[in-house]
Number of protein chains: 2
Amino acid sequence: MTGWQDIKAEVLARIHARAWPPGSAIPHEAALAQEFGVARATVNRALRSLAQAGWLDRRRKAGTRVALHPVRKATLSIPILRAEVTALGHAYAHRLLSRDLAPAPDAIAAALALPTATMLWHIVALHLADDAPFAAEDRWVNPAAIPGFADADLTRTSANEWLVQHAPFTHGDFTIAAARAGAGPVPIAPCGAALLTVTRTTWDGFRPITWVRLTFAQGHQIRAAL
Amino acid sequence: MTGWQDIKAEVLARIHARAWPPGSAIPHEAALAQEFGVARATVNRALRSLAQAGWLDRRRKAGTRVALHPVRKATLSIPILRAEVTALGHAYAHRLLSRDLAPAPDAIAAALALPTATMLWHIVALHLADDAPFAAEDRWVNPAAIPGFADADLTRTSANEWLVQHAPFTHGDFTIAAARAGAGPVPIAPCGAALLTVTRTTWDGFRPITWVRLTFAQGHQIRAAL
DNA sequence: GAGTGGTCTAGACCACGGG
DNA sequence: CCGTGGTCTAGACCACTCG
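Parameters at a glance
Along each chain, residues carry numbers from 1 onward, in the same order as the chain's sequence is written. Chains carry letters from A onward and ligands carry numbers from 1 onward, assigned in written order. Selection of residues for local features in this predicted model requires a pLDDT of at least 70, selection of side-chain atom pairs for listing and counting requires 80 or more, and totals for whole chains, interfaces and linings are taken over all residues. No hydrogens and no water enter the side-chain calculation; it runs on all heavy atoms of the structure. Method remark: on a 1 Å grid restricted to protein atoms, a set of points is classed as a cavity if a 1.4 Å probe fits but cannot get out and as a pocket if it is open with protein on both sides within 12 Å along at least five of seven lines; lining residues have an atom within 4 Å of a point. Grid points are joined across faces, edges and corners, and a volume is the space filled by probe spheres set on the points. Runs of H or I in DSSP of at least four residues are treated as helices and runs of E of at least two as strands, each being numbered from the N terminus. Three classes are used, and their members are as follows: Ala, Val, Leu, Ile, Met, Phe, Trp, Tyr, Cys and Pro are nonpolar, Asp, Glu, Lys and Arg are charged, and the others, Gly among them, are polar. The rule for pairing is simple: two strands pair if DSSP sees at least two bridges between them. Any residue with a non-hydrogen atom lying within 4 Å of a molecule or strand is treated as near it. Nitrogen and oxygen atoms within 3.5 Å of one another constitute a polar contact, given that in protein one can donate a hydrogen and the other can accept it, and given that sequence-neighbouring residues count only through two side-chain atoms. Fitting of the copies onto one another was done by least squares over C-alpha atoms, counting residues only where both copies have pLDDT of at least 70. Residue contacts are counted whenever heavy atoms from the two residues lie within 4.5 Å of one another.

Caption draft 1: Main features of the layout of surface pockets. In this model, the largest pocket occupies a volume close to 1,300 Å³. Lining the largest pocket are 34 residues; nearest its centre among them are Gln52(A), Ala53(A), Thr75(A), Gln52(B) and Thr75(B). At the level of secondary structure, the elements contributing two or more residues to the lining of the largest pocket comprise α1 (4–16), α3 (40–52) and β4 (73–77) of chain A together with α1 (4–16), α3 (40–52) and β4 (73–77) of chain B. Among the residues forming the lining of the largest pocket, the class breakdown is 15 nonpolar, nine polar and 10 charged.

Set out below in structure tokens:
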């Protein structure tokens with residue numbers, strides 16, 4: 001009856017009820033284990049979970065304290081566009097607009113830590129939801145990192161999906177920003193509209209794989225739970 | 001020498017090297033425990049971690065499979081604006097522009113699941129970085145949920161910080177969108193500029209606490225690692 | 001029905017870091 | 001130094017769910 005989730009809930013309730021106010025130390029694992037009548041490992045599991053969620057600060061010897069600023073974290077999932085569109089109940093389609101081997105512009109080369117004017121694949125594509133523009137994709141792919149990319153049929157599978165399935169990455173980063181329509185390579189909204197852009201770079205170890213900027217149609221939102 | 005993190009790394013390496021291709025089943029916990037010469041709990045810790053990161057799909061009886069679409073998750077931390085500004089190396093300041101008790105507009109009432117025209121605190125404030133506008137805050141606070149809010153000195157501590165410290169919330173959600181400058185209650189950029197907005201609602205159990213929309217200055221970006 | 005992951009235990013040793 | 005969290009073990013029972 002008393003699992004680690006129950007203990008987690010109880011501790012969270014005490015934090016929330018200010019029985020253990022922010023900044024104060026809470027009892028040791030051993031003490032809590034005795035109080036709840038469980039093994040220390042069970043308490044550890046509960047407290048570790050709360051620490052990961054940002055509710056507790058734990059340090060060896062210093063003990064466990066209630067976080068002063070409960071830094072809430074939200075997890076943004078980075079889905080494939082096809083999945084995102086179909087999840088919204090629309091029919092998905094995509095259109096490959098261009099695909100060239102071209103020297104990387106300075107900004108792209110810098111973002112990928114490649115020498116200036118390295119030859120990269122440049123892909124421009126449009127993602128559609130019920131035949132209406134959903135997002136414009138502007139992508140640069142490092143051929144050195146993805147040997148098979150030259151032979152990929154990007155008219156059937158979008159570069160987005162192809163890379164997800166064939167080019168595992170170890171890490172990356174992304175940036176969300178707002179931009180005025182009209183600047184990108186593909187017009188997707190009336191000139192002057194405020195659009196959301198997501199720019200992502202991914203790496204395989206130390207080798208840069210791809211840089212991609214998605215410009216979403218007007219009104220698009222990114223949601224997450226806290 | 002062989003900890004759960006080592007096992008996690010080894011499994012990840014095999015996934016990455018396609019020794020265990022996407023969609024395929026990997027050996028049972030017991031088998032891996034024997035192979036690595038550790039207890040099953042140690043293997044479990046490693047695999048659970050990989051599953052949480054989206055690399056594996058685990059189900060009782062069905063076993064553990066390499067995820068077909070490694071759904072990468074990024075954790076967005078929701079910092080206090082003061083911390084965000086100072087982290088960027090700027091001096092933080094804020095200015096309370098107005099604070100009224102006013103009937104909630106329909107959109108706000110709906111978002112908080114309150115009856116139309118419920119009386120709420122309406123706060124408008126400006127956050128500054130090195131005396132330049134950083135973000136405009138448009139906030140509605142439910143007085144029923146936060147009794148002490150009427151007495152809070154919001155000129156010293158921003159509503160943002162005051163609520164973080166005095167009004168714990170159990171859950172919430174947020175939405176990122178793009179908007180054209182000029183629509184909000186506070187002009188923060190030249191008319192027509194594309195601005196990033198973050199809208200957040202938070203709850204304490206069933207009671208809605210606050211609705212807030214932050215409109216960031218032109219050029220602001222939200223970053224995260226994958 | 002039976003195999004698999006999920007969890008718990010009691011005990012142990014270790015690494016870190018505050019005092 | 002030495003208390004605290006971090007981790008590992010060997011074994012056990014349970015819950016879920018696939019076949």
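Caption draft 2: The arrangement of the pairing of strand β8 (residues 171–180) of chain B in detail. Summarising the sheet, strand β11 (residues 222–225) of chain A and β8(B) pair through four bridges and their orientation is antiparallel. Bridged to Arg223(A) within β8(B) is Thr175(B).

Caption draft 3: Expanded view of the protein's contact with DNA strand D. Around DNA strand D, the structure places 25 residues, and the nearest of them are His28(A), Arg40(A), Gly3(B), Trp4(B) and Thr42(B). One of the side-chain nitrogen or oxygen atoms of Thr42(B) is found 2.4 Å away from a phosphate oxygen of DNA strand D. At 3.2 Å, a side-chain N or O of Arg60(B) approaches a base nitrogen of DNA strand D. Those elements giving two or more residues to the surface near DNA strand D turn out to be α3, β2 (56–59) and β3 (63–66) of chain A together with α1 and α3 of chain B. Top contributing element to the surface near DNA strand D by residue count: α3(B), with four residues. Along the lines of polarity and charge, the residues of the surface near DNA strand D split into five nonpolar, nine polar and 11 charged.

Caption draft 4: Region of interest: the relation of the copies chain B and chain A. At an RMSD of 0.1 Å, chain B and chain A line up after a rotation of 180° and a shift of 0.0 Å along the axis. With respect to symmetry, the two chain copies, as superposed, fit the operation of a two-fold axis. Comparing contact sets, 100% of the residues at the interface of chain B also lie at the interface in chain A, consistent with an isologous, same-surface contact.

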